[in-house]
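# A closer look at the structure
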Amino acid sequence: MLRFSSMACAVLICGGLIASFTRATDAPGAMAVANIMPSKAAATQPSNTNVTGTVTFTQSDADIQVTGDITGLSPGKHGIHIHEKDDMSDPQLKSAGPHWDMAGKHHHGGPDTADHHAGDLGNLTADDSGKAHLTGVIHNAKLDDLKGHSVIVHAGEDDMKTDPAGNSGGRVAGGRLK
Ligand SMILES: [Cu+2]
Ligand SMILES: [Zn+2]
């Protein structure tokens, strides 16, 4: 009898753990990661030949916190965005489509401008060794909203105003969001 109740107890605890994992997708602290890999056409952009890194998205109540570490960049600023599609098949990553725009009616901007695409993360700033650290926030979004999109890093600086993509040049690297 005692044995039976401790087993029943274990089943209940396990069940509770599984349920809390299932619920965790949009709970504060839940995370999604994009592994950034060079575009196949990177050789045509000699200053950004092997751009790699990770970008991590962490749910915090209504917002998503963004952190990233990217290497292999030419020193200076590089546009970084979430793009609509997670199709990485095109050598120049054009298959990733335009910037992710949750409501579908915004103009291009920067993360702090009043009107901008949800995917406008602004610029990475690479140091002399080609390393860049990113921090940012996507307001009023859930991790589930990110599924099926991708993170794309550009050859040049995002001017954070020109439609559709801030004149940030070629797509040197990208990673899918799952
Ligand atoms: Cu982009
Ligand atoms: Zn944009």
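These numbers were taken from a predicted model, which means no experiment stands behind them. (Residues numbered from 1 in each chain as written. Chains lettered and ligands numbered in written order. Predicted model: local features only at pLDDT ≥ 70, side-chain atom pairs only at ≥ 80, totals over all residues.)

What the 8 strands build is an open sheet, ordered β5-β4-β7-β8-β1-β2-β3-β6; its pairing is antiparallel. Since the sheet does not close on itself, it has two edges, and those belong to β5 (120–126) and β6 (132–138), each with one partner. Going across the sheet, the axis of each strand differs from the next one's by a mean of 20°, ignoring polarity. Sheet analysis places strand β7 (residues 150–154) next to strand β8 (residues 171–176), joined by 5 bridges and oriented antiparallel. Directly across from Ile152, in β8, lies its bridge partner Gly174. (Pairing = 2+ DSSP bridges. Helix = DSSP H or I, 4+ residues; strand = E, 2+ residues; numbered from the N terminus. Axes fitted to C-alpha atoms, helices over the stretch in contact; angles between N-to-C directions.)

So, on to the environment of Gly68. With respect to the element layout, Gly68 can be found in strand β3 (residues 63–71). In sequence terms Gly68 and Thr56 are 12 residues apart; their C-alpha atoms lie 6.0 Å from each other. Those residues in contact with Gly68 that sit more than four places away from it in its chain are Gly53, Thr54, Val55, Thr56 and Leu134. (Contact = placed C-beta atoms within 7 Å.)

Turning to the confidence of the model for the chain, a few remarks are in order. With 83% of its residues at a pLDDT of 70 or more, the chain has an overall mean of 86. Note on residues 4–23: pLDDT is under 50 here. Beyond four places in sequence and across chains, it has 0 contacts. (pLDDT = per-residue confidence, 0-100.)

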